[in-house]
Each structure stands twice: as C-alpha cells, then as structure tokens.
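Chain by chain, the residues run as shown.
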2 protein chains.
Amino acid sequence: MVNETSIPQHRKVYEILRSHITGGAYGEGDLLPSENELCTVHKVTRPTIRKALDRLVNEGYIVRHQGKGSIVKGVPKGVGILSMTGTTSAIGEDNLTTTIIIKPEIRNWSEAFTFPLSRLELESGCIYMERLRLVNGKPVFYDITMIPNINLPRFTSRNFENKSLFDLLRKYYHIEVRGGEQKLLAIVADERLKDFFKVGSGHPVLQLNRKIETNRAGFYIYSQVFCNTDEYALYGAF
Amino acid sequence: MVNETSIPQHRKVYEILRSHITGGAYGEGDLLPSENELCTVHKVTRPTIRKALDRLVNEGYIVRHQGKGSIVKGVPKGVGILSMTGTTSAIGEDNLTTTIIIKPEIRNWSEAFTFPLSRLELESGCIYMERLRLVNGKPVFYDITMIPNINLPRFTSRNFENKSLFDLLRKYYHIEVRGGEQKLLAIVADERLKDFFKVGSGHPVLQLNRKIETNRAGFYIYSQVFCNTDEYALYGAF
DNA sequence: TTAAATTACTTGTAAATACAAGTTGAATAA
DNA sequence: TTATTCAACTTGTATTTACAAGTAATTTAA
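How each quantity is defined
- Residues numbered from 1 in each chain as written.
- Chains lettered and ligands numbered in written order.
- Predicted model: local features only at pLDDT ≥ 70, side-chain atom pairs only at ≥ 80, totals over all residues.
- Pairing = 2+ DSSP bridges.
- Helix = DSSP H or I, 4+ residues; strand = E, 2+ residues; numbered from the N terminus.
- Near = placed C-beta within 6 Å.
- Nonpolar A, V, L, I, M, F, W, Y, C, P; charged D, E, K, R; others polar.
- Buried ≥ 20, exposed ≤ 12 C-beta atoms within 10 Å, placed from the backbone.
- Axes fitted to C-alpha atoms, helices over the stretch in contact; angles between N-to-C directions.
- Parallel < 35°, antiparallel > 145°, perpendicular 65-115°, else oblique.
- Left-handed = near helix turned anticlockwise from the far one by under 90°.
- Contact = placed C-beta atoms within 7 Å.

S.K.: How would you summarise the pairing of strand β1 (residues 62–65) of chain A if you had to cite specific residues and measurements?
M.R.: All names here are of chain A. For β1 and strand β2 (residues 69–72), the ladder comprises four bridges, and the chain directions are antiparallel. Directly across from Ile-62, in β2, lies its bridge partner Val-72. Counting the residues between successive antiparallel strands, the hairpin from β1 to β2 contains three residues, one of them, Gly-67, with a positive phi of roughly 90°.

S.K.: Run through the protein's contact with DNA strand D, naming residues and quoting values.
M.R.: As a structural note, the neighbourhood of DNA strand D is formed by 24 residues, with Pro8(A), Gln9(A), Pro47(A), Gly67(A) and Ser34(B) the closest of them. For the surface near DNA strand D, the elements supplying multiple residues, two or more each, are α1 (9–22) and α3 (46–58) of chain A together with α2 (35–42) and β2 (69–72) of chain B. Residues that form the surface near DNA strand D fall into these classes: five nonpolar, 14 polar and five charged.

S.K.: So what's going on with the protein's contact with DNA strand C? Which residues, and what values?
M.R.: Within the structure, DNA strand C sits among 24 residues, and Ser34(A), Glu35(A), Pro8(B), Gln9(B) and Gly67(B) are positioned closest to it. Only α2 (35–42) and β2 of chain A together with α1 (9–22) and α3 (46–58) of chain B provide two or more residues apiece to the surface near DNA strand C. Partitioning the surface near DNA strand C into residue classes produces five nonpolar, 14 polar and five charged.

S.K.: Tell me about the pairing of strand β7 (residues 204–214) of chain A, and name the residues and values.
M.R.: Residues and elements named next belong to chain A. With respect to burial, β7 is a largely interior element, 10 of its 11 residues being buried. Judged from the 11 bridges that link them, strand β6 (residues 177–188) and β7 form a sheet pairing that is antiparallel. Bridge pairing links Gly-180 to Ile-212 in β7. Here β7 runs beside strand β8 (residues 220–227); their pairing, made up of eight bridges, is antiparallel.

S.K.: Tell me about the packing of α1(A) against α3(A), and please be specific about residues and values.
M.R.: A pair of packed helices is characterised by two quantities: the angle between their axes and the separation of those axes. Residue and element names in this part refer to chain A. Look at α1 against α3: their axes get within 8 Å of each other, and the N-to-C directions meet at 50°. By the criterion of interaxial angle, the relationship of α1 to α3 is oblique. Of the two elements, α1 crosses α3, and the hand of that crossing is right-handed. In this structure, α1 contributes Gln-9, His-10, Val-13, Tyr-14, Leu-17 and Arg-18 to the contact, and α3 contributes Thr-48, Ile-49, Lys-51, Ala-52, Arg-55 and Leu-56. Across the contact of α1 with α3, the residue classes break down as six nonpolar, three polar and three charged.

See the structure below:
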C-alpha cells in the first residue's frame, strides 16, 4: 500500500515527534514514550521507530540511554546560524524583526562571495535581496542573499515580511536545506555597516560567507551575513 | 559470540571504511563497494552495513544515490574549527606548527568563559594550557584550553609538541569528542593578541568560546580560540 | 531493617527476508 | 542505425524475530 505522498513512515514519525518537541509538548528532561509504545501508536515496527529516533539524536533533539529511555534535550539552540537554515531559528522568532533593505529582484551575479559559480547559475542570473535583522529592536544581522533564478515561478512577488526564506522555499518549491559550507572572518565595519548597526568606526563585525546545499541537485543558495556581536554572540551547537 | 572488546560490528565497519577514505584508498568521486559486496566482505548483513554507511553520510564522508551507489565526498573539510575537534584537522597538519605558550599545568578555574561549571569541576581544578598555532609560519590561532583535572594520570607530563590534544585524549584516556556548543564573536585585538599576531591596533579578531562534550558523562573540555582571519578565514562544513 | 536477588522494563545489536524504486547497459525490435 | 524494452544491478523502506545489556523498582532472604 502506497501512502498518499509516499513519504516514508520513519520520516513521518520523525516529523511528528520533532513537532511535539518544538511545539512544547515535551520539555527538556522529559521522557519520550518507549520505542514499543511508539510502535503501537504509529503502527510501525521498532526499526522504523528507531530510524526516526536516530535522526532526532543526530539533530540534537534527544539523547537515548540504554535501560532508561529517550530523554528530550529540547530544541537545538543556534542551529540557525552555524549549522543549518536561516537566522530565524537562531534567536527565537519572538524577538526577531526583519526589515527588507532590497526586495527580491532579478540581477546578474556579482560573483557570489569567493564561491565559484557553475555555468548554469551564471546564465540564469540570480534573485538578490538584502535584509536587516533586529533583535529586540537592535540591528544585529545584515544579510545579502543570492538564489539562482532557476525554476522559481512568482518568487519575487512573494511576501517575505514575516516569513523565513527557508520556510517559503520549503513550502512552495519543495526545496530543503541539506547542508553547506561557510567561511567566517572578523572584519572592521565599513561605512554601510556602521550606518546599519549604528556603531562607530573601527567596530569589529563578524562576517559569514555561506554556500548552502539543497535537495535540488546543483541548486545552491549563497548568503553573506554580517553580525554585530556586541550584545548577541553567535551561538552554535555541534 | 562476543567479540574481543565487544565493539559493535557496524562500528567496526564504519571505522574501516572511514580509515580507507581518510587514508586515501578512496578518493573524491570514487564509488564505494555496493552494500551487498560489503556484506560478503565483512560477513555481516545489510542493515549492519547500512548503519555504518548512515554514519558516514551524516559525517559528510559519502553521499548515496539510489540506483547508483555510495559516492565518496572525501574527508570533510573544516570539520575542525566549526564542528568538531581541534584546530589541527581544520588546516591540514602539514602547514600547522604549534608553539606552547603555557605548558599544561594544574590551576584553579578562572571561570571558563561564560560557561557555568559544575561543583565537581570546580573542586577538581583544571589543567590549563595556552598554545599559539602558526599556519605556514604565520600566527593564526591563539588558544586557551581548560580540561577538568578528573582521572587523567600523568597528563601534564605528556608531550604535546606535535600531537593533537584530542588524539592524545582518545589514545591514552579513551576520551572522544561527541559534540559541543560554541559562541562566536568579533572583537578588537588587545595588547596580548596584537603581540601574538603581530598586528596593529584596532585589528579585528574572531573569538570562539567552546564547551566540548565527550563520551565521559559530565566531562567537558573548555577552550577559547582567537583567530586572525586576515589570510585564513575559518572554514566549516555542515 | 537491610542487603541481595529477581523481575520487568528500557534501548542496543543483528540477522533473515521482502519488495519498492532509481540507474545503467545490454539485448531486442523497429 | 536508432529507439525501445528489459534485465541486472544499485540503494530505500519495512517487517519479523531474537537476544544482549543497562536501569530501576520490587520482592525475597538474611
């Protein structure tokens, strides 16, 4: 029997458990139901349950102890900046507001920050945008995002104001982040950054150049993020 | 039948395949033997092989394609600084030389950089060391490492000159890095850093404060790393 | 009362089996 | 020759079964 969208069972169980953890149904230190209980609830066998749990362990949501059970660690903090998707999940959405500096528009690539581009990417052009992120009202992130203009209908007309770019890509285009590479360096704020961050001259700024892989083969997202780490240090778990 | 040290089969297979990749037996783009071939070679069944391969995928050594096979991606670059162990594997040992500024010595904790310490850690004191790392002769990393002084016989008398701290911990004390958390920020070089890095005043420096988890419960390694990113940006994969 | 043993859980490992689904190259038919 | 079909691979998913090993509470014996 094929499921409606043929999403594997272990993935479904993973999504459900993950949403329960992120949604607060389980808090830090709570015990997840035992594997056998999960089996009966989701009507699958133990290897399937274990595959779902394996992923939760890998992503840092839970730890397992032989003889005890699966203990919830909570939502991995800082997964955002340093290891996965956007800036949104790094801080917690409550305190983060976004100002669009340059709305998504189609441009030619201005060379995507030290990362070499493929011919297809160069020919297609890119969707370019600049955003300023404020944490508790203070400007902390300034980011430039470049996405190849390949098979993304109506992209530039979508509303980004209160959405995560990555949620949007996932929802409308089934593009999911798989991993990526990044370069980090410390620089001194230039005129533009001094203006955005409202800091004086000589102010140190953290710069991240990122190339993000997706589930679409050959489809990469490039972003350059500048951070004022005066009050909010970048946090990452690994 | 119990194996000599009762190391799981899937872990053994993982170690073997991993060493083949890191050792250069398989290069980038090469196909690993098929799962069934690996089964016959290692005398285990497919689920066991798949568990070993799963881990290699998670750690970025290989990618798998249905119908094609398991393709070697190579040794994950930059795993060092941003996601795992030391600085050594970040650059490649060839170009990296280490100068010990303060040899490992037992001290009281000077509060391990914003990370709260447990009572046991505070009571045990810490092994403290400072090292300067040079890449191609230029000072790039300055790091302070603090290790709780718990059950580490003869640690301060070991020779660190040309060894990775983490290799040593693994080899002699069976301590392996499991993960950790880190905070990143951009600062301006103080007098000490200006001296070490031979840079002028106002020079931006990247600072990492890290708390590293190990396979010993409650045993954490704390380190603070300062990087001059002028010539060598920190590189990380995720 | 106290300490040891048992029992009933939990997760960890491993095999054997089956079929689905993607890829590739060889055999076949036009 | 060219296009199509097919067979032989590959990995992906899932079940069933079995036992090992760690944990914790209960029961039992001292």
